[in-house]
Amino acid sequence: MYQLKKIVAFIGLSIMVLPLANAQSRYWIQLTDKKGSTFDPTVYFEKNNRVTPTADSLDFPISENYISSIQEITGNLGRTSRWLNAVAVSATKSEVKTIKKLPFVKAIVPITGNFVQAKMDMKHEANSKDQTEIYDILNRQTQRMGARYFTLMDSSIVINGKGIRIAVFDGGFPGVNTHDAFKHIREDNRIIATWDFTKNNENVYRGISHGTNVLSCIAGMHEGTQMGMATGAEFLLAITEVNSEPFSEEENWLAAVEWAHKNGANIISSSLGYTFNRYFPSDMDGKKTFVAQAATIAARKGILVINAAGNDGDSDWQVLGTPADADSILTVGGISPDDNLHISFSSYGPTADGRMKPNVCAFGKAVVASPKGGVNIAYGTSFATPLISGFAACAWQINRNKNAMEMLKLIEESSDLYPYFDYAHGFGVPQANYFVDSIPEAEATFDLYEDDTYYNVFVPAGYVKLLSGYNTTIMFYNIEDENGHLTEYGAIRVYQEKALSLYKTAFKKGYKLNIKYLNYSATFNLGEKEESTPEKVATR
Amino acid sequence: MKKIFIILPLFIWGLTGFAQTIVMQNLNPMKPYQEKTQGENLKHYSHMFMGVGVVTPAGASTDDIYFGKSLTFDIGFRYRYRVSNFFHIGNDITYYRQVNSLNRNGMHKVYDGANHDRESIIQNEFKISPFIRFNLTPKRGNYLGTYIDLGGYVGWNFIPVFKVVDKGNSGNVKMKYTRSYDPNQNRYDYGITARVARNKYILFATYRLSDIMKKSEHPEIPRLSAGIQLGF
């Protein structure tokens, strides 16, 4: 009996240690060029595109000769990325040393990961039986962006994202093929293409329900009410995430971006992000990670990439993840429908290199479709992002002469805090009336006076709103340094005429104070100057 | 004197500027990017942990001990210093309790030689356990990864206990006898430890090199225990 116990103990210890003996790790092998590869855009791009997407050398395939040479050293090849000219491999340290010596290998980058999935940006899903709350949020989640303005236009034009193709990347779309919320999409055959990058087949109606929730916030309908604004758009659905597969999520995301371009996507809506499991905050500079590089390339190729900022606002990480840090993409933060201010879990900007993020925000608590039927309330910047994606599709529908970068700027300019911004709200919530109405010039609602110690912002008595409606009593302010970075920002509730006092010592030479209150914005140049000359920028 | 406790708070409140109710504020937006030294994959890291384990028969002088019914419990504080991506050093400070249940049917000669319904030799120890760590996932973000710890410990058995439980003649009545500061147990011990872990899920094994029981006629307590720890 004692001998048996010893044997059992030894076997148990071996089982613990054996997995560690597997010395293979995963790497991206970046190549120097694409010598010998040929490219035919008429063959490469899918026939379902209305307009053949623009192509360049980034779309050329990876050299087959190079792939064969790498495969001779290690047989474990993963995905390839045309845009980054790289191939993913599993290799031992000695194999990596051999691969490094190949003349066409530019760099070898470890793919980090340890059996963790990409963060899904979903705080939690509440099975709320409170129907009042559900209908309240359902009615407001699109109206907060002024959806009614898109429906009040000339009735001959239906502004619902028609003609815009949106690619959605997620962990699964169960129920999209059966749920009533997507019936209008199915009946019009507007799910153009699907692909499961984790299993390499077309079936995406399985997996994690997160994708179903997200898609409903782009284009779902519930009892005649829009859950998202782009009910007339076309869709490309891709599964890129899986719970238990190590390392593969970023590879799949890269492959999905190229697939979306190949299938003519105008917008990529991605509620996914990578943070502390793979990176440090200092890595969030929009350049280091492969997914950020791919998102930037997609933007360069004319796709409007919209990504969630992340749900780490109240954790140690705090800041946005990647690819939300990428330049030229629309990063979306979350606000609470209760007070229209930053919702606690929404990740903050800026990026590690000081670029302003998030760009805009929307409700981070939304009504979503559940795969098994009905609707629920869910939390996360995952759901702010598709609300913006639906908005963007509608805005782009009536501005087809604009390219992706121009649309990004217009969406920022349409936001209700613009030109004010901060690292919690970005420019605020985009507004549809910007695209359909002329905006009247706003009246000044405050002014600045100084004494020996403070800069004081005064609000005339008529603009002190004691009954809070909908952001009406909130004053936003930030202090901007000479490089355009914010050194401080905040929001205060205005109860009396002397609304805000800031210590003069907070301002150095060249600093600016930006304030937004009741649709009026102003910038004051302050700091160590003999005269302070306010520059007032009037907005709607 | 009492007046100052009323006036002072009012004075301070007046200085803050009561015109504003701050609903959101960030006074240092770049703070998350400032270099940190505390973190799971940064220079310093510390955390609490708690563990349970079983005492194996290995190292026991006799098979007087029930395997599986002799349990360990520990709760402690672990500090780790990152020398390099691969190599770390650290130390634990732990409260450790090992309950060694004796087989009542065994031919044991512990203490009075009598058979009791339940007998236990209990160690209550404070331990200091230095270790070295080899991290097997060097390229990672700010998380612990997969690692192996090897180390040793020195323990102070501050309350050694011998405990006996007997049922009374009427069957249900229990009579307990507990001898704290049991003179038959050594007050200090030492041994070696090993851990295999992924993040804060830890498998551990401890082997005691020294003797617990003072006299040779008292059979030695098993030396090897193994179990799981969870960090938090």
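Structure report, in brief.

Rules behind the numbers
- Residues numbered from 1 in each chain as written.
- Chains lettered and ligands numbered in written order.
- Predicted model: local features only at pLDDT ≥ 70, side-chain atom pairs only at ≥ 80, totals over all residues.
- Helix = DSSP H or I, 4+ residues; strand = E, 2+ residues; numbered from the N terminus.
- Buried ≥ 20, exposed ≤ 12 C-beta atoms within 10 Å, placed from the backbone.
- Contact = placed C-beta atoms within 7 Å.
- Core = buried A, V, L, I, M, F, W, Y, C linked by C-beta atoms within 7 Å.
- Pairing = 2+ DSSP bridges.
- Nonpolar A, V, L, I, M, F, W, Y, C, P; charged D, E, K, R; others polar.
- Expected span 1.5 Å × (residues − 1).
- Arc of directions from axis to C-beta.
- Axes fitted to C-alpha atoms, helices over the stretch in contact; angles between N-to-C directions.

Our next topic: the overall build of chain A. A count of helices and strands for chain A gives 13 helices and 24 strands. The 540 residues of chain A split such that 51% are buried. Taking as baseline every contact in chain A between residues at least 6 positions apart, the subset at least 24 positions apart corresponds to 74%.

One broad trend across soluble globular proteins is that nonpolar side chains are buried collectively. In terms of nonpolar packing, the biggest core is built from 152 residues, with Ile166, Ile268, Ala392 and Met475 of chain A touching the most fellow members. Examining the composition of this core, we find that ten residues originate from one element, helix H11 (residues 381-397) of chain A, more than from any other. Excluding residues within four positions of it along the chain, methionine 475 of chain A makes contact with Ala491, Ile492, Val494, Ala499, Leu500, Ile515 and Tyr517 of chain A. By size, the runner-up hydrophobic cluster in this structure holds seven residues, among which are Leu144, Ala197, Ile202 and Phe204 of chain B.

Residues and elements named next belong to chain A. The buried fraction of strand E13 (residues 330-335) is high, at six of six residues. The two faces of E13 match: Leu330, Val332 and Gly334 on one face and Thr331, Gly333 and Ile335 on the other face are all buried. Alignment of strand E12 (residues 304-308) against E13, held across three bridges, turns out to be parallel. When the bridges of E13 are listed, asparagine 307 appears paired with threonine 331. Strand direction decides the pairing type here: E13 and strand E14 (residues 360-363), joined by four bridges, are parallel. Across the sheet, glycine 334 pairs through a bridge with alanine 362, a residue of E14.

Between chain B and chain A, the residue contacts involve 28 residues of the former and 38 residues of the latter. In terms of residue count, the dominant contributor to the side of chain B that touches chain A is strand E1 (residues 20-26) of chain B (seven residues). Among the residues forming the side of chain B that touches chain A, the class breakdown is 14 nonpolar, eleven polar and three charged.

Attention now goes to helix H5 (residues 131-143) of chain A. Residue and element names in this part refer to chain A. Here H5 contains 13 residues, and its C-alpha end-to-end distance of 19 Å stays within 8% of the 18 Å for a straight helix at 1.5 Å per residue. Along H5, the residues classified as buried are Leu138, Gln141 and Thr142. Along the axis of H5, the buried residues cluster in a sector spanning 75°; they form a single face. Elements in contact with the buried residues of H5: helix H6 (147-151), strand E8 (221-222), strand E9 (225-226), E14, strand E15 (365-369) and H11.

Turning next to the sheet that holds strand E3 (residues 86-91) of chain A. Whether parallel or antiparallel, the strands of a sheet pair through hydrogen bonds between backbone atoms. Residue and element names in this part refer to chain A. One open sheet accounts for four strands, arranged E2-E3-E1-E4; its pairing is antiparallel. Only two strands of the sheet have a single neighbouring strand rather than two, namely strand E2 (77-81) and strand E4 (105-110). On average, each strand axis in the sheet is tilted by 25° relative to the strand beside it, whichever way the strands run. As judged from the six bridges shared by strand E1 (residues 25-31) and E3, these two strands associate in the antiparallel manner. The partner of serine 25 across the bridge, within E3, is alanine 91. Helix H4 (residues 93-100) rests against E1, E3 and E4 of the sheet, and its axis sits at about 155° to E4.

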